[in-house]
Protein chains: 2
Amino acid sequence: MNRKGIIIVVSGFSGAGKGTIMKALTAKYDQYALSISATTRDPRPGEVNGREYFFVSNEEFEKLIADNGLIEHAGYVNHYYGTPRKFVEDKLNAGIDVILEIEIQGALQVKEQYPDAVLLFVMPPSAAELEKRLRGRGTESDEVIRQRLKRAVEESVGIENYDYIVINDKLEDAVESVHGIITAAHGTPDRNMEFISKVREELNGLN
Amino acid sequence: MNRKGIIIVVSGFSGAGKGTIMKALTAKYDQYALSISATTRDPRPGEVNGREYFFVSNEEFEKLIADNGLIEHAGYVNHYYGTPRKFVEDKLNAGIDVILEIEIQGALQVKEQYPDAVLLFVMPPSAAELEKRLRGRGTESDEVIRQRLKRAVEESVGIENYDYIVINDKLEDAVESVHGIITAAHGTPDRNMEFISKVREELNGLN
């Protein structure tokens, strides 16, 4: 079958483990690619242009916006972040599913332009578990943890806009759950019109 | 999680193997039940009331219709067939997914009353393979095979009304594909409002 890639948008509370799930998923299955964002912030030590991010100037970023070269973009802490359209569409046309790790504002921008994008929201099994994971990192102050939990309350309001929730209890289960959702999505009639038409024509030929 | 069952409607061309897939699915996983139809036709040798069918009189069937006791019904060859509502709803309330093997007219009746029912259409990998399977049974005349292929052309018009197609190439893959689709369906936000509300409340409690 001549299968086209699907855009998968993944959001979720900080600490719910969406980054870990997506790394494990792309390591296990080669039909998925993680989208690489463009950003105007400086590279941190160890970051490579075109691997963690596409590092661009403010002028380049604004030109990308003007040229409709970004699927979605947002500003955080004085810097722009956005998803380059060309990278995503090249992968889709090559039959690769592209995963975008973005927040709800971006997720809704994507859904508007690509109505058949699949939106996932990663949740912890409980709020207590989320707090435990945030504290377990051992790198963040009580104040930062408090802010992340407060942010989670705000984000939780948008969950109904997503197509599926993924509960990250055991990592391996969550990976398989995401893989199962995407595999199912490939089976909708509108994503298989070529195959359906072919069988119809063949049936007509037999009659 | 307090999970409620989902109605799964399965249609597909005669010879595509939907009955075989569903038998294998329910044998492998115990969270699925096959719906048992009511019919006014007489039991065949070996058929047991309440196992293959609920065998009822014309009067009983008409009373079921009048009492809104059937989710869908249709007439074939002078006999009625229908899906008793109570059987299905008892299973759903017990957290069991109920599978209805019915044709498109019934499928659309179900979707109207249960908009979150999941509709599957089972297809062969090709029309040639469908013909081969029908001939391989060795029990049917050329004329009957020709009628079934003609009927398949008519049925194929309705495929776009289904949520997913399932291609039955290898049985085991098709079984896993159906299981994956149903598992994914359990992850929509509207089917998990209780869990989402619980996490929201817990988060509020932590803040």
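Predicted, not measured: the structure shown is a model, and the values here were computed from it.

## Structural notes on the nonpolar core
Turning to step 1, where the next piece is worked out: Judged by nonpolar contacts, the single largest core of 104 residues is most densely connected at A:Phe13 and B:Phe13.
Turning to step 2, where the next piece is worked out: Apart from residues lying up to four places away in sequence, B:Phe13 is in contact with A:Val199, A:Leu203, B:Lys18, B:Phe121, B:Val122, B:Met123, B:Pro124, B:Leu130, B:Ala152, B:Glu155, B:Ser156 and B:Ile159.

## What to know about the interface of chain B and chain A
Turning to step 1, where the next piece is worked out: Counting residues at the interface gives 43 residues for chain B, matched by 43 residues for chain A.
Turning to step 2, where the next piece is worked out: Both sides of the chain B and chain A interface together cover about 3300 Å² of buried area, and 69% of this is carbon and sulfur.
Turning to step 3, where the next piece is worked out: The interface formed by chain B and chain A holds two salt bridges in total.
Turning to step 4, where the next piece is worked out: A salt bridge links A:Glu160 to B:Arg200; the nearest nitrogen and oxygen atoms lie 2.8 Å apart.
Turning to step 5, where the next piece is worked out: Taken together, the elements giving at least two residues each to the side of chain B that touches chain A come down to helix H5 (127-136), helix H6 (142-156), strand E9 (164-167), helix H7 (171-185) and helix H8 (193-206) of chain B.

## Brief notes about the UniProt feature "domain: Guanylate kinase-like" (unreviewed entry) in chain A
Turning to step 1, where the next piece is worked out: As recorded in UniProt, the sites labelled "domain: Guanylate kinase-like" (unreviewed entry) are residues 5-183 of chain A.
Turning to step 2, where the next piece is worked out: The span residues 5-183 of chain A is 43% helix and 24% strand, and its two end C-alpha atoms sit 11 Å from each other.

## Topic: the UniProt feature "binding site: ATP" (unreviewed entry) in chain A
All names here are of chain A.
Turning to step 1, where the next piece is worked out: Mapped onto this numbering, the UniProt entry annotates "binding site: ATP" (unreviewed entry) at Gly-12, Phe-13, Ser-14, Gly-15, Ala-16, Gly-17, Lys-18 and Gly-19.
Turning to step 2, where the next piece is worked out: By the element assignment, Ser-14 lies in the loop between strand E1 (7-12) and helix H1 (18-28).
Turning to step 3, where the next piece is worked out: On the basis of relative accessible area, Ser-14 is assigned to the partly exposed category, the value being 24%.
Turning to step 4, where the next piece is worked out: Discounting chain neighbours no more than four positions away, the residues touching Ser-14 are Leu-130, Leu-134, Arg-137, Arg-148 and Glu-155.

How each quantity is defined
- Residues numbered from 1 in each chain as written.
- Chains lettered and ligands numbered in written order.
- Predicted model: local features only at pLDDT ≥ 70, side-chain atom pairs only at ≥ 80, totals over all residues.
- Heavy atoms only, no water.
- Core = buried A, V, L, I, M, F, W, Y, C linked by side-chain atoms within 4.5 Å.
- Buried < 20%, exposed > 50% of the residue type's maximum accessible area, 1.4 Å probe, protein only.
- Contact = heavy atoms within 4.5 Å.
- Buried area = accessible area lost by both parts, 1.4 Å probe.
- Salt bridge = Lys/Arg side-chain N within 4 Å of Asp/Glu carboxyl O.
- Helix = DSSP H or I, 4+ residues; strand = E, 2+ residues; numbered from the N terminus.
- UniProt positions renumbered as here; feature names shortened; annotations may be inferred.

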